[in-house]
Amino acid sequence: MNSLLELKTAMRDERTEVKPAKRLGTNVSFDRDYGDTVGEVTASNARMVCRDVNVFYGPKQAIHGVNLDIGRNEVIALIGPSGCGKSTFIRCLNRMNDTIVGCRVTGSIQLDGQDIYDPQMDVVPLRAQIGMVFQKPNPFPKSIYENVAYGPRIHGLTQNKAELEEVVENSLRRAGLWDEVKDSLDQPGTSLSGGQQQRLCIARTIAVNPEVILMDEPCSALDPIATARIEQLIDELRMQFTIAIVTHSMQQAARVSQRTAYFHLGKLIEVGETAQVFTNPRHQLTEDYITGRFG
Amino acid sequence: MDKPTLLLLILVLTTAGYYFGRKRSLDIVSGKVQELHSLPSYYGYYLAMWVGVPTLLLLLIWLGFEGAVLSRLVVADLPGELQGDSGERAALLINEIRNTMAGAGSGSGDPSIQAAANHYRHLQAVSDWLLSLGVIALAALGGWFGHRQIEVEQRARNKVEKGTMVFLIACSTIAIFTTVGIVLSVVFESVLFFQKVPVTDFLFGLRWSPQMAIRADQVGSSGAFGAVPLFTGTLLISFIAMVVAVPIGLMSAIYLAEYASPRVRTVAKPLLEILAGVPTVVYGFFAALTVAPYIRDLGQSLGLDVSSESALAAGLVMGVMIIPFVSSLSDDFINAVPQSLRDGAYALGATQSETIRQVIIPAALPGIVGGILLAVSRAIGETMIVVMAAGLSANLTANPLAAVTTVTTQIVTLLVGDQEFDSPKTLAAFALGLVLFLVTLMLNIAALMIVRKYREQYE
């Protein structure tokens, strides 16, 4: 309880001396302190670099000055109690927040050195590079085949039908769904079970060959067996993609991720190696959360 | 007491019943409400029901049968030479007696009629007196019985809830029985028509010319009742209307649901729906006086032969009229597509128009089709615009520039003015109405089934 009060006081203090959010250009070095965040914010092999990210919903600030790197071929888990801003943060990474009226993002988020909030940036290819899997499986009301073929089609990734079929088969194989659906590709995607639907959504995402995959609580609507299947899949996908996953399950974070970031009330409290965060948290709030004192 | 006073008395007695029921329940537990099964007000309603329902029923039944019974009694007492007539003569006689009684009589010269009127007036007074007595007795009986029923363990709440439910069921059946009544009346008249004109002639005949000689010795055509020109006229105008309404309505729905900012939407949607509130007769003279001459002039300048009343004018204006149907329903169904589908498409890098064309519209399509079918049934049944703008000549043509006529227009023309209800000319209107009713009914059922199926998919 004390620590919570301390945090609130700290936040209030910081708000009085809050720096104006700066839009940082590309290739600016970030040799500055990373606010109150404990642990290793930077990654040696960073694919995405977020600096001083603030998100506002109208007048309300949802994210306060988050600094975080997401490394190549790593799975980073974002954990924290409900309403702590982890979903909001992950939606900033492929500009999905653009679709929310009244949402404003300041600060800098770079993908491979390119500022994705640059006014020149075109969100259509950006979202092809940074795919997203949602909390609830959301297959389109089309056939299984069309669900997976949709992305390659709109981006013109294939030359002919044979190539497209190959992409669809490959994506379904990599999502571990091919054997279950290869005879029913013309069935509606909505006819699959929840776990299958979620794997279909993953197949749909990897069909456009993104660099980063964002997952917003991908297993929260699934049973333990389907969850285990998806977790195994995440581990396999790590070889090719960079993955950021929001999860409410600390066991899941421990199982699938290499790094873990703990969010609290819109601030990034602690980030570090997953094993270290779970066995030896450095911040009192992180310890309270992972030991189940609140959350 | 006359009937309005009696109704007032029943209301007063019912209110009193509520008051005494409530008081009685409080009295038996000497104010300790928690010892009662139900709240005191339920005991009030319970007693009020015992007082109000039987008396109101008695009043209704009395009102229903009083006229018939009194008439019969009066007729039975009439002198012999006036009796013996049945049917229309008897009805006329009763009318005359009643008129005389009201003082507005024209035939009061006849002393026997005058006597009958006095007799009638006397019977009426007796009847009112009996009714008042019955109502008061029934109220007293119901009140006494209900009052005696109120005890600590009496389940007043459950009984009042049940009474409320019965009342609601009664209300909802009124609409159903009205529909059944309409169908039956149309069916009976149609059967009469089909006895005179064969069904096949009506449904497949190509010539519509309902003018018939009313008397056998009159010179005139024998009439032709082939309804095909009317069906094609209706379909032609409905088709033109849908060609106007579907694209415009759908596209404005897409704009409102997907592109418009919330501010634009809150202003534009009600504005669009105002179109649905314009009386159809206003659309009618807009079509007849503004659009039709414009189309004719335009056609003439292009060297086309356009009649002054054309299917095109009526169809265009009708199309404008049903835009709000299509757009409002489509807008609802587009909004009902879950946000997660949009997110899924955007997250794959789809543009807004790709998302709308390839994900949202296919997902909303069943609902949109249902909305369009409802609009079609509305277009087929529309009357005022076509009466004023489409003309009366039953041409069997697919040319939108010619004058055509529709089923609804013909029903109006057949039934306007002095009519004989045993000539095929008049009865034809009912047959047309039956066909119209069946077609729109089927369209509505199809639309509702499609819409319901779609609902199940996402909820």
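Residues numbered from 1 in each chain as written. Chains lettered and ligands numbered in written order. Predicted model: local features only at pLDDT ≥ 70, side-chain atom pairs only at ≥ 80, totals over all residues. Heavy atoms only, no water.

**Considerations on the overall build of chain A**
Note the threshold: Strands here mean DSSP runs of E at least two residues long; helices mean DSSP runs of H or I at least four residues long; both are numbered from the N terminus. We call a residue buried when its accessible area falls under 20% of the maximum for its residue type, exposed when it is over 50%, and partly exposed in between, using a 1.4 Å probe and counting protein chains only.
When helices and strands are counted, chain A shows eleven helices and eleven strands. Per-residue burial for chain A yields a buried fraction of 55% across its 295 residues.

**Some words on the sheet that holds strand 9 (residues 242–246) of chain A**
Strand pairing in a sheet relies on backbone hydrogen bonds, with the paired strands running either antiparallel or parallel. Residue and element names in this part refer to chain A. We count it as follows: Only strands that DSSP links by at least two bridges are regarded as paired with each other. In what follows, residue pairs with any heavy atoms lying within 4.5 Å of each other are defined as contacts. To obtain each axis, a line is fitted to C-alpha atoms, and for helices this fit is confined to the stretch in contact; angles are then taken between N-to-C directions over 0 to 180 degrees.
Read across the sheet, seven strands follow the order 1-11-10-4-9-8-7 without closing on themselves; strand pairing throughout is mixed. The sheet is open, and its two edges are formed by strand 1 (38–39) and strand 7 (130–133), each paired on a single side. As paired elements, strand 4 (residues 75–79) and strand 9 share four bridges and run parallel to each other. Paired with A77 across the strands is I245, a residue of strand 9. On the sheet, helix 7 (residues 194–206) packs against strand 7 and strand 8 (212–216) and is oriented at approximately 175° with respect to strand 7.

**With respect to the interface of chain A and chain B**
Under the convention used in this document: Salt bridge, as applied in this entry: a Lys or Arg side-chain nitrogen positioned within 4 Å of an Asp or Glu carboxyl oxygen. Pairing of N or O atoms within 3.5 Å defines a polar contact, subject to two protein rules: one partner must be a possible hydrogen donor and the other a possible acceptor, and residues neighboring in sequence count only if both atoms are side-chain atoms. Under the grouping applied here, Gly and all other residues not named as nonpolar or charged are polar, the nonpolar ones being Ala, Val, Leu, Ile, Met, Phe, Trp, Tyr, Cys and Pro and the charged ones Asp, Glu, Lys and Arg.
The partner chain B presents 18 residues to the 23 residues of chain A that form the contact. A salt bridge links R91 of chain A to D343 of chain B; the nearest nitrogen and oxygen atoms lie 3.7 Å apart. Counting the contacts that link chain A with chain B gives five residue pairs in polar contact (both at pLDDT 80 or more). Elements with a contribution of two residues or more to the side of chain A that touches chain B: helix 3 (123–129), strand 7, helix 4 (144–155) and helix 7 of chain A. Sort the elements by how many residues they give to the side of chain A that touches chain B and helix 4 of chain A lands first, with four residues. Residues that form the side of chain A that touches chain B fall into these classes: twelve nonpolar, seven polar and four charged.

**A few points about the domain arrangement of chain B**
Our working rule: Domain ranges listed in this record stem from an automatic or a database domain assignment.
Partitioning chain B into structural domains gives domain 1 (3–154) and domain 2 (224–454). Using C-alpha coordinates to define each centre, domain 1 of chain B is positioned 50 Å away from domain 2 of chain B.

**Re the confidence of the model for chain A**
Put simply, the rule reads: Each residue carries a pLDDT score, the predictor's own confidence in it, on a scale running from 0 to 100.
Taken as a whole, chain A shows an average pLDDT of 84; of its residues, 87% reach a score of 70 or greater. Considering only residues more than four positions removed or in separate chains, one finds that residues 7–32 of chain A, a stretch of pLDDT under 50, has 32 contacts.

**Focus: the packing of aromatic side chains**
The following threshold applies: Any two of the Phe, Tyr and Trp rings considered here, Trp counted by its six-membered ring, make a pair once their centres fall within 6.5 Å; the pair's planes then place it as stacked at under 30 degrees, edge-to-face at over 60, or tilted in between. Consider the ring centre and the ring normal. A charge sits over the ring if Lys NZ or Arg CZ is within 6 Å of that centre and within 35 degrees of that normal.
Following the criterion strictly, the structure yields eleven aromatic pairs over all chains and no others. Relative to F263 of chain A, the ring of F89 of chain A lies with its centre 5.4 Å away and its plane at 40°, an arrangement referred to as tilted. You can see F89 of chain A sitting in helix 2 (residues 86–92) and its partner F263 of chain A sitting in strand 10 (residues 259–264), a full 174 residues away along the chain. Look at W50 of chain B and F145 of chain B: their rings are 4.8 Å apart centre to centre, the planes differ by 70°, and that puts the pair in the edge-to-face class. Here W50 of chain B is found in helix 2 (residues 40–76), whereas its partner F145 of chain B is found in helix 4 (residues 111–149), with 95 residues between them in sequence. Grouped by ring-pair contacts, the aromatic residues F193, F194, F202, W208 and F225 of chain B constitute a single cluster. The lysine or arginine in question, R95 of chain A, covers the ring of Y117 of chain A, its NZ or CZ lying 5.2 Å from the ring centre. Looking at R204 of chain A, its charged tip hangs above the ring of F140 of chain A, at a distance of 4.2 Å from the centre.

**Considering helix 11 (residues 339–347) of chain B**
All names here are of chain B. Counting buried residues along helix 11, seven of its nine residues qualify, which places the element largely inside the surrounding structure. Among all positions in helix 11, only L341, R342, D343, G344, A345, Y346 and A347 are buried. Trailing helix 11 by a residue or two, G349 shows a phi angle of about 90°, which is positive.

**Comments concerning a nonpolar patch on the surface**
Heads up, the rule is: Residues form patches when they are more than 30% accessible in relative terms and have no salt bridge. Like charges link within 9 Å. Nonpolar side chains (Val, Leu, Ile, Met, Phe, Trp, Tyr) link within 5 Å. Using the Shrake-Rupley algorithm and a 1.4 Å probe, accessible areas are obtained, with residue cover drawn only from the displayed protein chains.
On the surface, a nonpolar cluster with roughly 770 Å² of combined accessible area is contributed by V53, L57, L60, I61, L63, F65, V69 and L73 of chain B. Counting through the fold element by element, I61 of chain B comes out in helix 2.

**Some details on the pattern of salt bridges**
Residues and elements named next belong to chain A. For the structure shown, the criterion picks out 24 salt bridges over all chains. In this structure, the salt-bridge partner of D69 is R51, at a minimum N-O distance of 2.9 Å. Of this pair, D69 sits in strand 3 (residues 60–71) while R51 sits in strand 2 (residues 46–57); the two residues are 18 residues apart in sequence, bridging distant segments of the chain. For the residue pair D69 and R51, the accessibility class agrees, reading buried in each case. Here the residues in one salt-bridge network are R47, R72, D112 and E211, joined through shared partners.

**What about the nonpolar core?**
Residue and element names in this part refer to chain B. To be explicit about the condition: As used in this record, nonpolar core signifies buried Ala, Val, Leu, Ile, Met, Phe, Trp, Tyr and Cys residues forming a set joined through side-chain atoms within 4.5 Å.
Membership of the largest hydrophobic core comes to 76 residues, with the highest contact counts inside it found for W208, I334 and L432. With 13 residues, the single largest contributor to this core is helix 12 (residues 352–381). Residues contacting I334, with those up to four places away along its chain left out, are A253, I254, A257, E258, R342, I360, I361, A364 and I368.

**What to know about helix 10 (residues 311–336) of chain B**
As a reminder, the rule being used: One fewer than the residue count of a helix, multiplied by 1.5 Å, yields its expected span. To get the bend at a given residue, fit one axis to the seven residues ending there, fit another to the seven starting there, and take the angle between those axes.
In this model helix 10 of chain B runs 36 Å from its N-terminal to its C-terminal C-alpha over 26 residues, within 8% of the 38 Å that 1.5 Å per residue would give. When the local axis directions of helix 10 of chain B are compared, the greatest deviation, roughly 40°, occurs at I322 of chain B, which is followed within four positions by the proline P324 of chain B.

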